[in-house]
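Commentary on secondary and tertiary structure
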Number of protein chains: 4
Amino acid sequence: MAGNSFGSVFRFTTWGESHGPAIGCVVDGTPPGIPLDETGIQRYLDRRRPGQSRFTTQRREPDTVRILSGVFEGLTTGTPIGMVIENTDQRSKDYSEIRDRFRPGHADYTYEAKYGIRDYRGGGRSSARETAMRVAAGSVARAVLAHRVGPGITIRGALVQVGPHAIDRSRWEWEEIDRNPFWCPDPVMAEQWSGFLDTVRKQGSSAGAVVEVVADGVPAGLGEPVYGKLDSDLAAAMMSINAVKGVEVGDGFGLAAADGREAADEMRMVDGRPVFLGNRAGGVLGGISTGQPLVARFAVKPTSSILEPRRSVDRHGREVTVSTTGRHDPCVGIRAVPVGEAMMACVLADHLLRHHAQCAPRADLSDR
Amino acid sequence: MAGNSFGSVFRFTTWGESHGPAIGCVVDGTPPGIPLDETGIQRYLDRRRPGQSRFTTQRREPDTVRILSGVFEGLTTGTPIGMVIENTDQRSKDYSEIRDRFRPGHADYTYEAKYGIRDYRGGGRSSARETAMRVAAGSVARAVLAHRVGPGITIRGALVQVGPHAIDRSRWEWEEIDRNPFWCPDPVMAEQWSGFLDTVRKQGSSAGAVVEVVADGVPAGLGEPVYGKLDSDLAAAMMSINAVKGVEVGDGFGLAAADGREAADEMRMVDGRPVFLGNRAGGVLGGISTGQPLVARFAVKPTSSILEPRRSVDRHGREVTVSTTGRHDPCVGIRAVPVGEAMMACVLADHLLRHHAQCAPRADLSDR
Amino acid sequence: MAGNSFGSVFRFTTWGESHGPAIGCVVDGTPPGIPLDETGIQRYLDRRRPGQSRFTTQRREPDTVRILSGVFEGLTTGTPIGMVIENTDQRSKDYSEIRDRFRPGHADYTYEAKYGIRDYRGGGRSSARETAMRVAAGSVARAVLAHRVGPGITIRGALVQVGPHAIDRSRWEWEEIDRNPFWCPDPVMAEQWSGFLDTVRKQGSSAGAVVEVVADGVPAGLGEPVYGKLDSDLAAAMMSINAVKGVEVGDGFGLAAADGREAADEMRMVDGRPVFLGNRAGGVLGGISTGQPLVARFAVKPTSSILEPRRSVDRHGREVTVSTTGRHDPCVGIRAVPVGEAMMACVLADHLLRHHAQCAPRADLSDR
Amino acid sequence: MAGNSFGSVFRFTTWGESHGPAIGCVVDGTPPGIPLDETGIQRYLDRRRPGQSRFTTQRREPDTVRILSGVFEGLTTGTPIGMVIENTDQRSKDYSEIRDRFRPGHADYTYEAKYGIRDYRGGGRSSARETAMRVAAGSVARAVLAHRVGPGITIRGALVQVGPHAIDRSRWEWEEIDRNPFWCPDPVMAEQWSGFLDTVRKQGSSAGAVVEVVADGVPAGLGEPVYGKLDSDLAAAMMSINAVKGVEVGDGFGLAAADGREAADEMRMVDGRPVFLGNRAGGVLGGISTGQPLVARFAVKPTSSILEPRRSVDRHGREVTVSTTGRHDPCVGIRAVPVGEAMMACVLADHLLRHHAQCAPRADLSDR
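These remarks concern the structure in this document. Bear in mind that the values here come from a model prediction, so they are computed numbers and not experimental data.

Tallying secondary structure elements over chain A gives eight helices and 18 strands in all. Radius of gyration (C-alpha) of chain A: 21 Å, near the 21 Å computed for a compact globule of 368 residues. Each principal axis of the C-alpha distribution contributes one length, and for chain A these read about 70 × 50 × 40 Å. Classification of the 368 residues of chain A by burial places 69% in the buried group. Intrachain contacts of chain A at a sequence separation of at least 6 include 70% that bridge at least 24 residues. By element, 48% of the accessible surface of chain A is carried by carbon and sulfur atoms, the whole surface being about 11400 Å². If the 45 positive side-chain charges of chain A are averaged to one point and the 45 negative ones to another, these points end up 4 Å apart.

In C-alpha cells:
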C-alpha cells in the first residue's frame, strides 16, 4: 500500500515538501455532523508552530490552515476533508551547499538511494514540516472522539526527558505544561532544561528527548488482535514521527527487568466495579484497551542539523564536512509533543470507528 | 481493515485458537518459482517449539506444519500459500477454574470487554500459540529475501537481557546463540541466566527480557515515507508480538540522552564507496534502510501466568485470586527470539517487493 | 495489496488449488456473538455442489466444510474464522495431456505468462473450485446481515438467460427456483432450457448465461462514495467470479438507450413515507443504497472446456488441438447462482459494518 | 477502508465538492524520475472540460491544475503528488430550490439517508466535477505506463452508442474521434447523434450512452487472481464513474448468448510466436491480461438533470416536482470518455507496479 496514508477506517493522507508551494492532507472516513472549523484546528497547529521560544527554530511559518472540502455550514459531511497550508517562509536561498551533500543523520542519503532523486530544499518530504498536517488530522480525530465518546476523553502530551535529564514524576502536574516552553509537567526540571539547552545551543550541538502521551477516558475494548493491536498501531504511529527511535507503552522497557509477581496489574472490585490496582500495562492488554489511561512514550534523537561540522560524503563520492548554519531546533523533541498527541488521537479515532463497525457499542463490563 | 493480516504486497493472515482443532495462516503475494517445502519451514518452527529446555513450557506440541496450497513440485506458484498446524496437545481438562476469571496481565478482561465472549481455553486467540504461524510465514519471507537479494541477507535474533541482567556486548559472539537454551550471544551471561531463572521458577514467578534482532545484508532504499517507514512497520511488527511493551531501533531510547555531536553516524569514502562510521541509527534514516545492519530491540514483559496467587475479579464481579499451575514459560522472551526474527523477515520481504514495485532495482549508490 | 482477499472491514481470504489437498478461507472482522455452525454453512455449500443434476459436472465433491477457529460454543467470537474443505475427488490421473497445453479460453496461458509456473492439475488456482469458499464466506456474511439488520434482509439469485434464451420476466416466481435444476424463476423457460442444454451437450459444446441477484430489505445508506461505492464493489465482486464478463445494476445497459424522462425513478409520499415509483436504478444512487431492492446481473461466458476440438499452442510453441473429455458443466452459469448470492452477501456485510463505523445507525428518513 | 482512494500500490485519493473552494487529489506510489508537468496533465483535463460544444454543459470551468508536491525540476520524486483545481465558476446563486428537495435519479436522497447532511450546492461531492481529478490522476498513470512499458502502450476511449443509436463497428476509425464533439469513431453515426441530441435537448430530456475504452500494448501477465483480477478492478473503476450502470469486458453480455464452440479465442503460432485468432475475451483470461488489446465498455444512464418536471419529495416529506433549469449536459456519456480512459490508465499502472513487485519482469512467452 502506498506509504503516505495512515489509518484504515479513519484515514488521512499527507502530501507536500518543506519548500514546495504548500503542504496538505486529506482526512477520509470522518463521521458526519461533527462541528469543525479552521479556528479549532488552528489552535492545535499553533501549539506546534515554530518560533515560539528561543528553544525552537526561528523560522516564521504562520501555518494557516484552510479547509477546502468535507465541511459544510460548520459541520462535517462525511466526505473527505481536504486541508492545505501554504509555505510562506520559503526563502529563496542558495541550496548549492546541500544539493549534493548527504547531511549526517538525515534522510538525504537514503532518499537518494531509494529514489535516485530528491527535493533537497530544506529536507523536502523528509522535513518535519510534514508533521503540521498530522496535527491538523489529529484535531479532526479529537473532534471525532469527543463526538463519539464524549468530553471525558482527553489526550495530553508532555516532555519527560531532555538529553540525560529526566523529570521527577512525583512532581508531575499537568497544568505546568502550559507554563514553560517545553510542555514539561515538572516545573523544577523545566528550569534545569532551560539552562541545559542554552548550553547545548552555544556548543553548536543538539539534544534528544523523551515524549510521553497520555489518553484518559479511553473506553475499554479498542484494538484489533493480532496485527491491528492498539499498541501495535500506536508504535507504528509514534515511530513514524521524524527522529523517533523508540516507543514504549506503560512501563515499557522497564517491564523487561521486572519480576512477574509485580509486573501484572491486579484487580479488585471498588464500588461494585472492577478496578485495576496499577497501570504498568499502560492501558493495553492483549492489544485491546483496558479502560485505564493509555500511556505511550517515545524517544526523539538529537537533531542532526547542528553547527558543529560533521564528516560526510556527497553524491559524487567526495568526502565533505557538513555544518548546519540555518534556523533549527536545538531539541526537536519539544515540538514533537503536539505531534505525538495528534498521532495518538488518530490511532484512537480509527480504532473507535473500527470497534463500532465490528462490535456494537456494548454496556461496559464495569456496569455489570 | 480487519486485524489479522500483516503486510501489504507480501501479506499473511493467521487464524486459530490455542485449544481449537488447528491454527493456520495464508501467505499471499509470494513471488513464483521459489523453492519451498515443509522441511525448510519446519526447521524454523522447531526453534520456537516449546519443551526444548527446562526454561520453556513443557507442553508437547510437535507443531508439524502442512503446506496445503501455493507450492507445486517444490516451487512457489505465486498463489496463496495455505499452511496449517494441528493442535495435538489439547488436553481435555477442566476449564471451570479460568472460565469466568480474568487472569491479571492477560487479555481475558479486554477480550471480554471488546467481544463479550471469549474462548477461554488456554488463552484462545490471545495465546502465544498464534506466533507459530508467524514463524511459518517468516520462513516464507526468508525464502523471498534469499531469492531476490541473495544469500548475503541474514536475519538473526538474540536475547540480550533477562530480568535485570543484560549481556556484556563486548562478548557478543553469534555462534554462541546455538550453544545455550537462551539464544544468548554472551556465554558468560547465559550461565548467569540459568541460575537466575531457576530461582525465578522456584519462587513461582517469571522474568521479562529484551530481544535483539539484526538483519545483515539489507539493501539500501527499503521503506516508504512517511507512514510506511521501514522502522514504523518494524515497530508495529514487534509490538504485535505477545507480551511486548517496547520497541527501539538502533540506539533507541539511548539516543534521547545523547549529544547531537555524537548521535549521527558520520560517513567517509572507503575503497571508493560511501561507508558509515557507526550505526547508532540502526540501519534506518528517514524511514529508509541505509544498507547497514538493521537493528531492532524489543522488551518482553514477564509472563503473568505464575504460581504465586494474584488478586483479580471474575465475570460476575466477584473478587478472586488466580494462580497458574499449568505448564508455562518462566521467561516468554526466550521463545520470542525466533518470532522476532520472523516478523523482521516479513517486514523486509514486504518492503523489498514494495520497493521493486515503485522503484526499479537501481545500481547501488556505493557503486558510483 | 495481495490479491486473494475481498472486503475491508468484513474481509475474507481464500487459498487452495483444485487438485491440492484442500481449499480454505479465513473470514476476518465478523461481529461476535452470532450463531454459526457447520450445518448452516453446509446448506449453502450443498446448493453449489456439483453432480446434482445432469446439467452440472458429475464430479463427486462432498465439499464438507470444517470450521477450525473463530466459533466457540456455537457463537462467533470476533476472531478470524478459519474454514477448510478437503479435496476428496482428486483422481490420480495422467495430466500429461494438459500439462504443457494452453486450453483456449482458460487461464492456462495467462498464469504461465504471469508466473512462469502453474499447477496445471484441474486448473489449479483458476478453477471454479475456489468459489466453494466464497459460498462459505457468504454464509457467514448472511449471518452478519441477519444479526445486524434482522430477518427482513434476503439475498436470492436466479438464472435469467441461458444461451440466447431469456426468461419472460412477467412469469417470475421466486418459488420456482427450487423446482428446477437451473434456479430459473420462469417455469416455462426452465423446460425450454432443459432441452436446449441437452442439445448443447450432445454437440460437445457449452452455453453462456446471465445470473440475476436481488437483495431485499437492504437499509438505505450503504456505500462509500466515490471509490467504495456499493455498486462499484458489487461490480468487482461479480466480475471476480470465474467466467464472468459483464455486470450491470438495475436496468444497466438498458439505461444507455433510455430517454432521460423515463430513466430516473420518481418519488411520492405513501402513507407518510417516501416511496420510489420504480427501480430502474437497481437500488443504488450515487453509489449508496436507496432502500429499494438491490439488483445486480452478470454475464457468464460458455465454459471453454468442451469436447469439440479447439486450436491452441503449447508451452514449447507447438500448435495443438485441445478437446476436453473430462467431467464439466455444460453451463457454468447454473452453479454461479449461489456464488453470486454469496458475493453480494459479502459486499453488503462489509458495507453495513463500514456504515456503522462512520455513521451511527440513524433513524430512517422514511420515519420522519 | 475509507472510500475516496483508488488503487493499492499506485493509489490516488480525491477530495472536494462541486461548489467548494477547490477540488484536488493526491497520487501516491508514483515511480521516481518520470517527466511530469502541469502542461501535460492540462492537456487531458482540457479534453474533459465542459463548454466545448453545444452538447456539453455551458459552465465555464477553466479547470487549471496546479501541482503542489511530488515533482521537482520536472521529474517525479516518488513522494506524493498533490494537485489542486480551484473552483472558479461557483456562481453565488439561490440554492433554496434544491436545498431540501431530492432530485430524482440523483444522490440527494441517498446522501441524506447515509449522512443526514449534505452540501447541496451543485451536487456537492456527488457531482461529476470530481471526475476532473480522475483525469489528472490518469495522466500521471499514463506517464507511469509510458515510463515502464514504453510508448507502445496507448489508451483510447470512444463513444459507441448514444441513446438507442449504436455505431457501425465496421466504420471504426480512431482518427475520427477528434473530428466530432462525441469522440465517435464512426463519422456517419456522429452526424446522426448530432441531430438526435438536438432533439433530445429541445424536448428538455437527456440521453444515455455507451463508452468503450481500449488499451493497446498491454503486456501479458497483469492482474492478481482471484480478487484483484484485472477485469475485477476495471469493473470497479468504471462502475465508480458517475451515472455508470453497467460494465463489460470483451464481448461481455454478448458472450452469455454465445455457443461454447465460438466463445473462446483460439491460438496459433505466427512467425514463431503464439497469436490469438480473436479477442472475444477482451484481453483478459482468468483475471490476467493476455497481451491482446484490453477492451472495456460501460453504460452511462441519461442525466437526471432535465428540464421536464419530475415528481419527487423533499426532506420534510412533502411531494414536489423538480425541473432542472441550469446548465447541464444532455448526454453525460460524452464527457465520460476521457474519464473512462483515465480510470483504465490508473488500473493498469497499479497492476503493472503490483506485477513488478511480485514477479520480476519476465521474458515474454512469445519470445520463446
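This part is about the packing of helix H6 (residues 230-239) of chain D against helix H8 (residues 333-358) of chain D. Residue and element names in this part refer to chain D. In the contact formed by H6 and H8, the axes pass within 9 Å of each other and the chain directions differ by 145°. Between H6 and H8 the crossing geometry is right-handed. Facing Leu-230, Asp-233, Leu-234, Ala-237 and Met-238 of H6, the residues of H8 in contact are Gly-340, Met-343, Met-344, Val-347, Leu-348, His-351 and Arg-354. Each residue belonging to the contact of H6 with H8 can be placed in one class, and the counts come to eight nonpolar, two polar and two charged.

So, on to the packing of aromatic side chains. For the structure on display, the rule yields 38 aromatic pairs over all chains. Between Phe276(A) and Tyr109(B) the ring centres are 5.5 Å apart and the planes differ by 85°, which places this aromatic pair in the edge-to-face class. Pair noted here: Phe276(A) is in strand S13 (residues 273-276) and Tyr109(B) is in helix H3 (residues 108-115), and the two residues belong to different chains. Look at Phe276(A) and you get buried, because its relative accessible area is 13%. Clustering of aromatic rings is evident, with ring pairs tying together Phe6(A), Phe12(A) and Tyr227(B). One residue, Arg43(A), lies across the ring of Tyr44(A), its end atom 4.8 Å from the ring centre.

Looking now at the relation of the copies chain D and chain C. By a simple turn and slide, chain D fits onto chain C: the slide is 0.0 Å along the axis, the RMSD is 0.0 Å, and the turn is 180°. Accordingly, the operation relating the two chain copies is best matched by a two-fold axis. When the interface residues of chain D are mapped onto chain C, 100% of them again fall at the interface, so both copies present the same face.

This part covers the relation of the copies chain A and chain B. Superposition record for chain A on chain B: RMSD 0.0 Å, screw rotation 180°, translation along axis 0.0 Å. Looking at chain A, 100% of its interface residues are interface residues in chain B too, so the copies touch through the same face.

The next subject is the nonpolar core. Looking at soluble globular proteins, one finds that nonpolar side chains tend to be buried together. Met83(A), Met83(B), Met83(C) and Met83(D) are the most contacted members of the largest nonpolar core, which has 368 residues in total. Among all residues touching Met83(A), those that are not within four sequence positions of it are Ile23(A), Gly24(A), Cys25(A), Val27(A), Ile41(A), Val65(A), Arg66(A), Ile67(A), Met133(A), Ala136(A), Ala137(A) and Val140(A).

Burial of helix H6 (residues 230-239) of chain A is extensive: ten of the ten residues sit out of reach of the surface. The set of residues buried in H6(A) consists of Leu230(A), Asp231(A), Ser232(A), Asp233(A), Leu234(A), Ala235(A), Ala236(A), Ala237(A), Met238(A) and Met239(A).

All names here are of chain C. With their axes 9 Å apart at the nearest point, helix H1 (residues 38-48) and helix H4 (residues 131-149) run at an angle of 140° to one another. On the basis of their axis angle, the class for H1 and H4 is oblique. Crossing hand, H1 versus H4: right-handed. Residue-level contacts link Ile-41, Tyr-44, Leu-45, Arg-47 and Arg-48 of H1 to Thr-131, Ala-132, Val-135, Ala-136, Ser-139, Val-140 and Arg-142 of H4.

Bringing the state of the cysteines into the picture now. A complete count under the given rule lists zero disulfides over all chains for this structure. Its sulfur unpaired, Cys346(B) is 8.8 Å from the next cysteine sulfur, which belongs to Cys25(B).

Residue and element names in this part refer to chain C. The buried fraction of strand S8 (residues 154-162) amounts to seven of the nine residues, a majority that puts the element mostly inside the structure. The pairing of S8 with strand S10 (residues 209-216) spans eight bridges and is classified as antiparallel. For Gln-161, the partnering residue across the bridge sits in S10 and is Val-210. One ladder, built from two bridges, connects S8 with strand S9 (residues 165-166); its direction is antiparallel. Among the inter-strand pairings, Gln-161 is bridged to a residue of S9, identified as Ala-166.

We now examine the interface of chain A and chain B. With 113 residues of chain A at the interface, the matching set in chain B holds 113 residues. For the chain A and chain B pair, buried surface summed over both sides reaches about 9100 Å², with 57% attributable to carbon and sulfur atoms. Per-residue buried area on chain A facing chain B is highest for Lys114(A), Tyr227(A) and Lys245(A); these three make up 10% of the total on that side. Taken together, the links from chain A to chain B amount to six salt bridges. Note that Glu266(B) and Arg311(A) form a salt bridge whose closest N and O atoms lie 3.0 Å from each other. Counting every contact that joins chain A to chain B gives 63 residue pairs in polar contact (both at pLDDT 80 or more).

All names here are of chain D. The five strands are arranged S1-S2-S3-S7-S4 in an open sheet whose pairing can be described as antiparallel. Where the open sheet ends on each side, the last strands, each with one partner, are strand S1 (5-6) and strand S4 (65-67). When strand S3 (residues 22-28) meets strand S7 (residues 81-86), the two strands line up antiparallel, connected through six bridges. The partner of Ala-22 across the bridge, within S7, is Glu-86.

Along the polypeptide, Ser5(B) turns up in strand S1 (residues 5-6). Residue Ser5(B) is classed as buried on the basis of its relative accessible area of 13%. There is a polar contact of 2.7 Å between the side chain of Ser5(B) and the side chain of Thr13(B). A polar contact of 3.2 Å, which involves the side chain of Ser5(B), links it to the side chain of Arg11(C).

A word on helix H4 (residues 131-148) of chain B. All names here are of chain B. The first and last C-alpha atoms of H4 sit 25 Å apart over 18 residues, in line with the 26 Å expected at 1.5 Å per residue. In terms of burial, H4 is a largely internal element, 16 of the 18 residues being buried. Gly-150 sits one or two residues past H4 and shows a positive phi near 110°.

Moving on: a nonpolar patch on the surface. All names here are of chain C. A cluster of nonpolar side chains, Val-270, Val-275 and Leu-277, forms an exposed patch at the surface whose accessible area comes to about 210 Å². Of note, Leu-277 is situated in the loop between strand S13 (273-276) and strand S14 (284-285). Residue Leu-277 is classed as partly exposed on the basis of its relative accessible area, which comes to 43%.

Once that is clear, we can look at the interface of chain D and chain C. How big an interface is tends to be stated in terms of the accessible area lost upon association of its parts. Each partner contributes residues to the interface: chain D has 113 residues there, and chain C has 113 residues. With both chains or domains summed, chain D and chain C bury close to 9200 Å², and 57% of this area falls on carbon and sulfur atoms. Linking chain D to chain C there are six salt bridges. Taken together, the links from chain D to chain C amount to 63 residue pairs in polar contact (both at pLDDT 80 or more). Of the pairings in the sheet, the one linking strand S11 (residues 244-249) of chain C to strand S11 (residues 244-249) of chain D comprises three bridges and is antiparallel in character. Across the sheet, the residue bridging to Glu248(C) is Gly246(D), located in S11(D).

About the criteria used
Along each chain, residues carry numbers from 1 onward, in the same order as the chain's sequence is written. Working convention: letters from A go to chains and numbers from 1 go to ligands, in the order in which they are written. Owing to the predicted nature of the model, reporting of local features is limited to residues with pLDDT of at least 70; listing and counting of side-chain atom pairs is limited to 80 or more, with chain, interface and lining totals taken over all residues. Note that water and hydrogens are dropped before the side-chain values are worked out from all heavy atoms of the structure. Per the convention used, a helix needs a DSSP run of H or I reaching at least four residues, while a strand needs a run of E reaching at least two, with both numbered from the N terminus. With C-alpha atoms as the basis for the radius of gyration, the globule rule is written as 2.2 Å multiplied by the number of residues raised to the power 0.38. Exposure is judged per residue with a 1.4 Å probe applied to protein chains only, and the accessible area is read against the type maximum: over 50% gives exposed, under 20% gives buried, and values in between give partly exposed. Contact criterion: two residues are considered in contact whenever any of their non-hydrogen atoms come within 4.5 Å of each other. For accessible areas, the Shrake-Rupley method is used with a probe of radius 1.4 Å. Any residue's cover is judged against the shown protein chains and nothing else. As used throughout, the charge tally considers Lys and Arg to be positive and Asp and Glu to be negative, leaving His and the chain termini uncounted. Charge positions are represented by NZ for Lys, CZ for Arg, CG for Asp and CD for Glu. The angle between two axes is taken between their N-to-C directions and runs from 0 to 180 degrees, where each axis is a line fitted to C-alpha atoms and a helix contributes only its stretch in contact. A crossing counts as left-handed when the near helix is turned anticlockwise from the far one by less than a right angle, and as right-handed when that turn is clockwise. Under the scheme applied, nonpolar residues are Ala, Val, Leu, Ile, Met, Phe, Trp, Tyr, Cys and Pro; charged residues are Asp, Glu, Lys and Arg; polar residues are all the others, including Gly. Between rings of Phe, Tyr and Trp, where Trp is taken as its six-membered ring, a pair exists when centres lie within 6.5 Å; planes separated by under 30 degrees are stacked, by over 60 edge-to-face, and by other angles tilted. Any Lys NZ or Arg CZ found within 6 Å of a ring centre and within 35 degrees of that ring's normal is scored as a charge over the ring. Least-squares superposition of the copies uses the C-alpha atoms of those residues scoring a pLDDT of at least 70 in each of them. Residue types Ala, Val, Leu, Ile, Met, Phe, Trp, Tyr and Cys, when buried and joined through side-chain atoms within 4.5 Å, form a set referred to as a nonpolar core. Each angle receives one of four descriptions, namely roughly parallel if under 35 degrees, roughly antiparallel if over 145, roughly perpendicular if within 65 to 115, and oblique otherwise. Cysteine sulfur atoms are paired as a disulfide whenever they come within 2.5 Å of each other. Paired strands, in this sense, are two strands between which DSSP finds at least two bridges. Buried area is a sum: the accessible area each of two parts loses on coming together, probed at 1.4 Å, counted once for each and added. Salt-bridge detection follows one rule: a side-chain nitrogen of Lys or Arg within 4 Å of a carboxyl oxygen of Asp or Glu. In protein, a polar contact means a hydrogen-donor-capable atom and an acceptor-capable atom, both N or O and within 3.5 Å, with residues adjacent in sequence counting only if both atoms are side-chain atoms; elsewhere, any N or O pair within 3.5 Å suffices. In this analysis, the expected span of each helix is defined as 1.5 Å times one less than the number of residues it contains. Put simply, a patch holds well-exposed residues, over 30% relative accessible area, that have no salt bridge, with like charges counted together within 9 Å and Val, Leu, Ile, Met, Phe, Trp or Tyr side chains within 5 Å.

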